[in-house]
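Each chain, letter by letter, is given below.
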Amino acid sequence: MRILGVSAFYHDSAAALIDDGQIVAAAQEERFTRVKHDHEFPKNAMAYCLAEAGIRADQLDGVAFYDKPITKFHRILETYLSCAPRGLRSYLQAVPLWLRQKLWIPAEIEAVFESLGVSMPEKIYFPEHHVSHAASAYYPSPFADAAVLTVDGVGEWATSTICDADGKDLKVVREMHFPHSLGLLYSAFTYFTGFRVNSGEYKLMGLAPYGEPIYADKIKDHVIDVRDDGSFRMNLDLFGYLDGFTMTNDNFAKLFDGPARPAESTITRREMDLAKSIQVVTEEIVLKMARYARDVTGKKNLCMAGGVALNCVANGKLLKEKIFDRLWIQPAAGDAGGALGAALAAWHGAEQKPRPAPANGRDSMRGSYLGPVFSDDEIGAFLEAKGYPAQRFERDEWAKTIAKAIDDQKVIGLCHGRMEFGPRALGNRSIIGDARSPKMQSVMNLKIKYRESFRPFAPSCLKERVADFFEIDDESPYMLLVAPVREERCIAKQGDERSADLLEWVNRPRSDLPAITHVDYSARIQTVDKDVNPGYYAIIEAFEALTGQGIIINTSFNVRGEPIVCTPEDAYRCFMRTEMDRLVLGSFILEKEKQPEWHEKDDWRTEFKLD
Amino acid sequence: MGKLKHSGGLIGEFCKFAMENKIYWIVPLILVLLFVAVVVIAGTGATPFIYTLF
Amino acid sequence: MGSDTSKRVAETVWNWRAAKEPTPEEAAQAAVDHAAELRKRGVIQACIGLTIAAAFYFGLGAYYPKWKIVGIIGASIASFIGLSALVSPTGLFAQIERGIFVVAHWVGVGLTHLLMPPIYWFFFVPFRFLFRRGKRDKMLRTFPDPSETTFWVDRSGEEQKPEHYLRQF
């Protein structure tokens, strides 16, 4: 039985296909349309999933949409009821959109199938939003049973849930309701500190190590009333999201010493301290929730999903606290992953199909490499037709040549194998460089990503070597855990850094791996497994043979505001637009200096909206 | 006209939802909103409808 | 992965071969096809318009002669649209169409702003006060709330049936 999972109409639309419970393919729509966080129905991602499976749309047995529209609309109506007569402007914006599109999911799905000349499958499933998240976290996990914690902005009513999962059964046992939401609280601080909601949360987390948690008590006294079991209530007098267009209001600004920081303006001490304070509070709540989840379910393993599960700093703390024996986080923890979860929930929950026991302690996400791959034949034909000079290598030579280029301080775009599903590039659509270089961080930021960033890059290291570099003894295949760099690798702090400029501060060397060491001596780690990604592993292994260090920089293959590249053509475009030195397309390696001159009609820098 | 075909199902589901959760006020509200939706929807939905008036 | 799959995937999501610049002959043919399509559309629209106009003229107009004028105006507009489609499909007709779409859009926006607020004022506002008086507010605003020991909602007793997945609530 083939089920297509769909998430759409909010942000990060995606499609995922499962065949008798096995994950066949999954991808975000933005990668194909090149529109960041694309929210339209994922027609292209769906077409890709069908092509990967080698089936036509009429061979699908069901479509699973990732939430329950009627319950969600009820929540929206209740919100306007609660706020009236305030909220008229918001109502005029939101309700027509619901009446036009969001209430008509079966009709929307049918229109897509009709455009393909086939009728839609008989079964349309609507798992709850948080059940979709929970299913995406539990079913692919390496555990036979687990507690599942999902935390995000909001689904229908639920903003956080605790589920008890065993075999095929996934049961919601506790949930917390809108408008009290850890995801929205974090987004409110994201907005207030001048970053974009839905994409700037990562920046807020990256800013936290610069600050002191001086506002933490104020947050706990005036903003959020947290209980020992991790449940909480928020002070709604401070927020604008119920009836307006902003996350926070004037009362919030009064409490935190002035108005929100305008986007792109200078980041001040206050934003750093706010970032640290909300990070500390978030971690405290996540840990409390996890302890409660353990008490309620009695399970030894924890699975997590929902946007807040992308907070790798909190995840690192969770792992360190050892509340659960093992922790597994869905790499596509945000709404895109809901597409996969919806399909899995339909298979195991609605169809009641058994879940085979996970084998060899491995998850079934296959490294999250669930997107399209392009063959060397296809790439070769493309390069030849376009007249782009390239050299093709056998695997060993390929890895050695790339490793040598990294050691020569080249910046390399890497586009090979299946594209990653989820927000992180994990070595198949990545830009890589030398983590030992003190200059690499600013070179990559300014010449390649076209941004000034206060965030260091993340490292990819061989799975077996992770303990040589970091204070961690577990794998982190999806770059979802933060851990300290080993003490003996670190350089002591030089004086009081808090007075330094943000960019100068981040560029100060802190360890023998300066490009990946954050100001608090931590790093966001990806461990690479030979069996899961042999190509990427071979590169790092060759780099280790050459330099003695099995670790490199890994950042996503895109410029600021652009979706991560998908096809070799996207990769070539990005390569030529930036000051990258080498491009790897499958088995081919391209050198910048040998490429024909690159011309574009318009200034591409205006193509992408800053995120 | 796909929506017209699905409107019966949608209203039916809203009624069941209202009965199960005892949220009866939602039924008249939904009927009014859906009725209004046919006429007012800005953009693509309304365009062909208005176009035929010309 | 089989080469068939790889080929199929490339054709679906990265069809760079088809993305090449069309030859002048292909471009000319595409322009002819496009014009023919517009012409056809214009004629269909004119026919619909003329039918409605005829209904006004011969139907309503037979009882209330004043309505005949609506039929005449309608028929004139429909004929004009039809003719413009036949004579200048990509020029005048395309412009008329664009204009009508813009007008239709703003009419839609206008109607939305005309009809949606009354529902708000006649429904949401009074019900809000009614519900508040009955202490029924789903938004739970009390802060801090010492009366509650936990804010978790217990769903462990709830039966989660397979058929629940098939409904939208």
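In this convention, every chain numbers its residues from 1, walking through the sequence in written order. The lettering of chains begins at A and the numbering of ligands begins at 1, in the order of writing. Owing to the predicted nature of the model, reporting of local features is limited to residues with pLDDT of at least 70; listing and counting of side-chain atom pairs is limited to 80 or more, with chain, interface and lining totals taken over all residues. For side-chain calculations, the full set of non-hydrogen atoms in the structure is used, while hydrogens and water are omitted.

### Quick notes on the environment of Asn558(A)
Residue and element names in this part refer to chain A. For clarity, the cut-off: Secondary structure follows DSSP: runs of H or I at least 4 residues long count as helices, runs of E at least 2 residues long count as strands, and numbering of each begins at the N terminus. Only protein chains enter the area calculation, which uses a 1.4 Å probe; residues under 20% of their type maximum are buried, those over 50% are exposed, and those in between are partly exposed. Contact criterion: two residues are considered in contact whenever any of their non-hydrogen atoms come within 4.5 Å of each other. Here a polar contact is recorded for every N or O atom pair within 3.5 Å, except that within protein the pair must consist of a potential hydrogen donor and a potential acceptor, and residues adjacent in sequence are included only if both atoms are side-chain atoms.
Residue placement: Asn558 occurs in the loop between strand 19 (551-556) and helix 20 (568-577). The buried category is assigned to Asn558, whose relative accessible area is 6%. Sequence separation between Asn558 and Ile285 is 273 residues; the distance between their C-alpha atoms is 34 Å. Not counting chain neighbours up to four residues away, the residues in contact with Asn558 comprise Lys36, Ile431, Lys449, Pro563, Ile564 and Cys574. Side chain to side chain, Asn558 and Lys449 meet in a polar contact 2.9 Å long. Of the polar contacts made by the side chain of Asn558, one reaches the backbone oxygen of Glu562; its length is 2.7 Å.

### Comments concerning the packing of helix 2 (residues 43-53) of chain A against helix 1 (residues 3-13) of chain C
Note the threshold: Only C-alpha atoms enter the line fits that serve as axes; for helices the fit covers just the stretch in contact. Angles between N-to-C directions range over 0 to 180 degrees. Note on angle classes: values under 35 degrees are labelled roughly parallel, values over 145 roughly antiparallel, values of 65 to 115 roughly perpendicular, and the remainder oblique. Crossings are classed by handedness, with left-handed meaning an anticlockwise turn of the near helix from the far one by less than a right angle and right-handed meaning a clockwise turn. Residues are grouped as follows: Ala, Val, Leu, Ile, Met, Phe, Trp, Tyr, Cys and Pro are nonpolar; Asp, Glu, Lys and Arg are charged; all remaining types, including Gly, are polar.
Between helix 2 of chain A and helix 1 of chain C, whose axes approach to 8 Å, the crossing angle comes to 165°. For the element pair helix 2 of chain A / helix 1 of chain C, the angle class is roughly antiparallel. Of the two elements, helix 2 of chain A crosses helix 1 of chain C, and the hand of that crossing is right-handed. On the side of helix 2 of chain A, the interface is formed by Ala47(A), Tyr48(A), Ala51(A), Glu52(A) and Ala53(A), while helix 1 of chain C contributes Thr5(C), Arg8(C), Val9(C), Thr12(C) and Val13(C). A per-class count over the contact of helix 2 of chain A with helix 1 of chain C returns six nonpolar, two polar and two charged.

### As for the interface of chain A and chain B
The cut-off we apply is this: For any pair of parts, buried area is found by adding up, for both, the accessible area (1.4 Å probe) each one loses once the two are put together. Each reported salt bridge corresponds to a side-chain nitrogen of Lys or Arg within 4 Å of a carboxyl oxygen of Asp or Glu.
Facing 18 residues of chain A, the contacting portion of chain B comprises 19 residues. Buried area between chain A and chain B, summed over both chains or domains, comes out near 1700 Å², and the portion from carbon and sulfur atoms is 80%. With a shortest N-O distance of 2.5 Å, Lys5(B) and Glu110(A) are connected by a salt bridge. Here chain A is connected to chain B by three residue pairs in polar contact (both at pLDDT 80 or more). Put simply, the parts of the chain that give the side of chain A that touches chain B at least two residues each are helix 3 (69-83), helix 4 (88-102) and helix 5 (105-115) of chain A. With seven residues, helix 3 of chain A is the largest single contributor of residues to the side of chain A that touches chain B.

### Description of the pattern of salt bridges
Under the defined criterion, the tally for this structure stands at 44 salt bridges over all chains. Where Arg233(A) meets Asp145(C), a salt bridge forms, and the shortest distance between an N and an O atom there is 2.5 Å. One end of the pair, Arg233(A), is in strand 10 (residues 232-234); the other, Asp145(C), is in the loop between helix 4 (89-133) and strand 1 (153-154), on a second chain. An identical accessibility class is assigned to Arg233(A) and Asp145(C); each is buried. The partner of Glu600(A) in a salt bridge is Arg577(A), with the nearest N and O atoms 2.6 Å apart. Taken together, the residues Glu600(A) in the segment after strand 21 (588-591) and Arg577(A) in helix 20 connect sequence positions 23 residues apart. Residue Arg577(A) is classed as buried on the basis of its relative accessible area, which comes to 9%. One connected set of salt bridges, linked through shared partners, spans Arg34(A), Glu562(A), Asp570(A) and Arg573(A).

### Observations concerning the nonpolar core
We count it as follows: What is meant by a nonpolar core is a set of buried Ala, Val, Leu, Ile, Met, Phe, Trp, Tyr and Cys residues, joined one to another through side-chain atoms within 4.5 Å.
One finds Leu170(A), Phe256(A) and Phe470(A) to be the most contacted residues of the largest nonpolar core, which totals 200 residues. The greatest single-element share of this core, amounting to twelve residues, is contributed by helix 11 (residues 269-297) of chain A. Among residues more than four places away in sequence, those in contact with Leu170(A) are Val131(A), Ala134(A), Ala135(A), Tyr138(A), Tyr139(A), Val148(A), Cys163(A), Asp164(A), Ala165(A) and Gln160(C).

These results come straight from atomic positions and should not be treated as a statement about function.
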